[in-house]
Amino acid sequence: MKKDYLENIAQNYDLLVPKDKETLLLLISLAKKIKSGEIEQEFSQHDFETSLFETQNILQRDESIQFENISKRLSQYFYTTIKDTETPYQLTVYARELCDLIENQIEPEYAKLSLRQTFKRTLPLTDNDILNIENFEYWFKIQFTTSKKIINAHIENLQRFVDSQISELGSVLKVEFENVKDKLEAFLQTLKKVSEKSEDLTETLIFKTDIIKKIQTAEEIFKDNKADWEKYITIQNEVTYFFENIDKRVLAINEKIQTARIRLKSLFKELRYKRQYKIKLEKFLQYILENSKNEKGKITLPINILKKHIPFSKQSLSIIPNVDFGDISPIKPPSFKIDEKFEQEQKVKAELILKKQESIAKWIGKIDKLLQSGKNIDYSQWFNLIYEEEKQYDIPVEVCYGLIEKYSKDENNKITINKNSPYIKKSEIVLWNMKIKPLNF
Amino acid sequence: MEHENKTFEFLNEESSKRYFAELDFAIRQGRHIQEYGKDYKIYKYIASYYKHLENYYYSLFGIYLRKENNDQLFYYFLDFGDDDKGKFTGSRSLEISDKQVIIAILLLNLYKEKFFEDKEIRWRDIENIFENSEQKKLWQTLFFKDGSKRNYSPPEHEKLKEDILKILKGFDKLGWIAWIDKSEIHFEIMPSIDRIAKLYKNEITNIDTISTYINAERN
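A brief structural summary. (Residues numbered from 1 in each chain as written. Chains lettered and ligands numbered in written order. Predicted model: local features only at pLDDT ≥ 70, side-chain atom pairs only at ≥ 80, totals over all residues. Heavy atoms only, no water.)

Focus: a positive patch on the surface
Taken together, the side chains of Lys314 of chain A together with Lys169, Lys173 and Lys182 of chain B present a region of like positive charge at the surface. Within the secondary structure, Lys173 of chain B sits in helix H7 (residues 154-174). According to the relative accessible area criterion, Lys173 of chain B is exposed, its value standing at 59%. (Patch = residues over 30% accessible without salt bridge, like charges linked within 9 Å, V, L, I, M, F, W, Y side chains within 5 Å. Areas by Shrake-Rupley, 256 points an atom, 1.4 Å probe, with all protein chains shown as cover. Salt bridge = Lys/Arg side-chain N within 4 Å of Asp/Glu carboxyl O. Lys, Arg positive; Asp, Glu negative; His and termini not counted. Charge placed at Lys NZ, Arg CZ, Asp CG, Glu CD. Helix = DSSP H or I, 4+ residues; strand = E, 2+ residues; numbered from the N terminus. Buried < 20%, exposed > 50% of the residue type's maximum accessible area, 1.4 Å probe, protein only.)

Looking at the packing of helix H13 (residues 340-372) of chain A against helix H14 (residues 379-390) of chain A
Residue and element names in this part refer to chain A. Two numbers describe how H13 lies on H14: the axes approach to 12 Å, and their chain directions differ by 145°. For the pair H13 and H14, the sense of crossing is right-handed. Within the contact between the two elements, H13 uses Ser359, Lys362, Trp363, Ile367 and Leu370 and H14 uses Tyr379, Trp382, Leu385, Ile386, Glu389 and Glu390. Here the contact of H13 with H14 is composed, by residue class, of seven nonpolar, one polar and three charged. (Axes fitted to C-alpha atoms, helices over the stretch in contact; angles between N-to-C directions. Left-handed = near helix turned anticlockwise from the far one by under 90°. Contact = heavy atoms within 4.5 Å. Nonpolar A, V, L, I, M, F, W, Y, C, P; charged D, E, K, R; others polar.)

Some points on the packing of aromatic side chains
Aromatic rings considered in pairs are described by the distance between their centres and by the relative angle of their planes. For the coordinates displayed, the defined rule picks out 43 aromatic pairs over all chains. Geometrically, the ring pair formed by Phe10 of chain B and Phe20 of chain B is edge-to-face, given 6.5 Å between the ring centres and 75° between the ring planes. Taken together, the residues span a long stretch of sequence, with Phe10 of chain B in the segment before helix H1 (14-28) and Phe20 of chain B in helix H1 at a distance of ten residues. Phe20 of chain B carries the same exposure label as Phe10 of chain B, and that label is buried. The structure contains a cluster of three or more aromatic residues connected by ring pairs, namely Phe8, Phe10, Tyr19, Phe20, Tyr45, Tyr49, Tyr56, Tyr57, Phe61 and Phe88 of chain B. One cation-aromatic arrangement involves Lys308 of chain A over Tyr200 of chain B; the distance from NZ or CZ to the ring centre is 5.3 Å. (Phe/Tyr/Trp six-rings, centres within 6.5 Å; stacked < 30°, edge-to-face > 60°. Lys NZ or Arg CZ within 6 Å of the ring centre and 35° of its normal.)

Description of the pairing of strand S2 (residues 64-70) of chain B
Residues and elements named next belong to chain B. Of the strand pairs in this sheet, S2 and strand S3 (residues 73-79) are connected by seven bridges, and their pairing is antiparallel. Residue pairing for S3: Leu65 is matched across the bridge by Leu78. Hairpin geometry of S2 and S3 is characterised by an intervening segment of two residues between the two adjacent antiparallel strands and by a positive phi of about 50° at Asp71. (Pairing = 2+ DSSP bridges.)

Observations concerning the sheet that holds strand S2 (residues 79-81) of chain A
Residues and elements named next belong to chain A. Pairing is antiparallel in the open sheet, where three strands are placed in the order S1-S3-S2. At either end of the open sheet lies a strand with only one pairing partner, and these are strand S1 (42-43) and S2. The pairing of S2 with strand S3 (residues 89-91) spans three bridges and is classified as antiparallel. Bridge pairing links Thr80 to Gln90 in S3.

Topic: the pattern of salt bridges
All chains considered together, the criterion is met by 33 salt bridges over all chains. A salt bridge links Lys278 of chain A to Glu113 of chain B; the shortest N-O distance between them is 3.9 Å. Highlighted residues: Lys278 of chain A in helix H12 (residues 226-291) and Glu113 of chain B in helix H4 (residues 98-113), drawn from two different chains. Assessed through its relative accessible area of 7%, Lys278 of chain A is described here as buried. Using a relative accessible area of 36% as the deciding quantity, one classes Glu113 of chain B as partly exposed. Residue Lys280 of chain A pairs with Asp208 of chain B through a salt bridge whose shortest N-O separation is 3.8 Å. Of this pair, Lys280 of chain A sits in helix H12 while Asp208 of chain B sits in helix H10 (residues 207-218), on two different chains. On the accessibility criterion, Asp208 of chain B (34% relative accessible area) is partly exposed. Residues joined in a network through salt bridges with shared partners are Lys32, Lys35, Asp100 and Glu103 of chain A.

Digging into unusual backbone geometry
All names here are of chain B. With phi around 70°, Gln72 is a residue other than glycine that occupies positive phi space. Mapping Gln72 onto the fold places it in the loop between S2 and S3. In this structure Gln72 comes out as partly exposed when scored by relative accessible area, which is 49%. Here Ile185, not a glycine, exhibits a phi torsion of approximately 50°, which is positive. With respect to the element layout, Ile185 can be found in the loop between strand S6 (177-181) and strand S7 (186-189). Classification of Ile185 by relative accessible area gives buried; the value is 2%.

Digging into the nonpolar core
Counting 53 residues, the largest nonpolar core has Leu107, Phe187 and Ile196 of chain B as its most contacted members. Sorting elements by how many residues they give to this core places H4 of chain B first, with ten residues. Apart from the residues lying within four places of it in its own chain, the contact partners of Phe187 of chain B are Leu107, Lys119, Glu120, Ile121, Ile126, Leu168, Ile177, Ala178, Trp179 and Ile180 of chain B. With 41 residues, the next largest nonpolar core counts Phe136, Phe187, Ile215 and Ile257 of chain A among its residues. (Core = buried A, V, L, I, M, F, W, Y, C linked by side-chain atoms within 4.5 Å.)

Digging into the interface of chain A and chain B
Counting residues at the interface gives 45 residues for chain A and 56 residues for chain B. Where chain A abuts chain B, roughly 5,100 Å² becomes buried across the two surfaces, and 63% of that area is made up of carbon and sulfur atoms. At the surface where chain A touches chain B, the tally comes to six salt bridges. Counting across the interface, chain A meets chain B through 16 residue pairs in polar contact (both at pLDDT 80 or more). Residue assignment for the side of chain A that touches chain B shows that the elements contributing at least two residues are helix H8 (133-169), H12, strand S4 (293-295), strand S5 (298-300) and strand S6 (309-311) of chain A. (Buried area = accessible area lost by both parts, 1.4 Å probe. Polar contact = N/O pair within 3.5 Å; in protein donor to acceptor, adjacent residues only side chain to side chain.)

Digging into the side chain of His32 of chain B
Residues and elements named next belong to chain B. Among the structural elements, His32 can be located in the loop between H1 and strand S1 (33-34). Polar side-chain contacts of His32 include one of 3.1 Å to the backbone oxygen of Gly30. Not counting chain neighbours up to four residues away, the residues in contact with His32 comprise Asp39, Tyr75, Tyr76, Phe77, Leu174, Gly175, Trp176, Ser192 and Arg195.

Focus: the sheet that holds S3 of chain B
The strands that make up a sheet pair up through hydrogen bonds in the backbone, lying either parallel or antiparallel. Residues and elements named next belong to chain B. Judged by pairing direction, the sheet is antiparallel, and its three strands sit side by side in the order S1-S3-S2 without closing on themselves. Edge positions in the sheet fall to S1 and S2, since each has one partner strand and no second. With two bridges connecting them, S1 and S3 associate as antiparallel partners. Considered in S3, the bridge of Ile33 is made with Tyr76. Across the sheet, helix H3 (residues 50-61) is in contact with S2 and S3; its angle to S2 comes to roughly 135°.

Quick word on the side chain of Ser29 of chain A
Residue and element names in this part refer to chain A. Within the secondary structure, Ser29 is located in helix H3 (residues 21-36). Here Ser29 falls in the buried class, since its relative accessible area comes to 18%. In this structure Ser29 touches Ser51 and Glu54, once residues within four positions along its chain are discounted.

In structure tokens, the structure reads:
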């Protein structure tokens, strides 16, 4: 249903809402004339056209506004016609209420009414009002809702006025000093009056407590009937919420006024200094905006505005993260069958390599001892000797390499290798004759 | 600076056991303490033991615990001496970046303008300054390099908003602003925004001389 309702409004929008300034002003002009008695509630085409002409003058339009066009737009919701009469036009309730709403925004009528009087006569809840649900609903819809509009309008008006005054106060710091004190004095007086108005509003609403209490007493009357009870609760909640909302808004307004008054009083004492300081701040901002640069996305201040530092010591405590391993099943390596034969072969192989290395080290050690005792070494003989004992060529060859590596850069021993008279041992190997001679002996 | 009894007996008080640690963590990280929000209690604590705390920080750290006010609203912070950083040498200081200086001066100006009002600022207020104020071109040249463009792309706007938000987050840590709604960039400027004016006191006081000198150099 909600969707249909909204779609309906969308379709009829152009007819529901005054389309432009001309239409709205025309309506308001007619409504005002009817209120003041200048024209009758049922008015003629001449009255219609005259108001249209006046609207045209107010808006200073060169072209005349077409009566037929406007009339057609307004005919759906804003006026009705009666046939066979010289005064066939009559504004609808919708048109009149719309005009009243607008008028109250611009020139609030209610402001002239005493709020206290309005309240006293319309808002209080009598025993008759809570006699039954129909009376209670009537009080809520007619009296309470009407008063609610007036109270809300008063508060909105007060809020708007306070905001505009405070906003205007800001300009005080910019005017010539000689006029400022008078202006401040005037502001103080205005704020004092506004404050009094706000206090008046608060006092007027004091008897809201009576209303709320009265509604609470009505609980006994409505609790036995479910339908009545639901209506009662709805009304009670709305009334309570409304007064709470009013309290908050009035409190906020009072706080603003008080803050402004305190600051205004303190401003008197330091006005000249504050104005000058404010001006300097503005100039400083202007200066840094004009002279700062944006280079490759980096903003830099003018060079004569130095960097500033403040004490800063960030403290952080390292916390070792709590890693909860929870229930974890350890992963075991898979068991596999050992190849014992292979393992044995590898073992033998390793032992052979180790043995070979031991032999090499042993022979090098022996030769080294002889060299240290001053003996010359003819390696060809040693080659033979090592081969005879070890029964393999690897070891004497490795011993030879070992000796060359050790003594080739040794200053105390000299290696000579004679390539011209090789020593041949076996057909499969040929040796150059290598001698090592100690030099210090 | 008077050197009182250095045993700092005030630390044995019950209120010190409750508030000193929190105060110390906050103030040494550059925070400005004022009577607002979650700092209310440590503000009261500093106010009660100001002289003791002042002595404490000077004796042990070689820095000053200052008490300043902005339109009669007080705030406390740690500060260096004229030529001495005490124990806060090396990395124990925070440089106010150039961007931060510019935005802080802007916020300070807004604070002073709103002398009679609340100091709440929303993103649209800042955007309005950048796009519609008298200094619109200067702001746009500063942020977008090209101040002559009529419009800036959504990514450019978004980037600017992110940059400003980052700066404001830093100010929140210093206590210069207090978030009302961070996601909407809605905040209240704190009295301690005045600190930026204290840091640049000489430049602000002598701005007329500086401007005249720079203009003369250009001509």
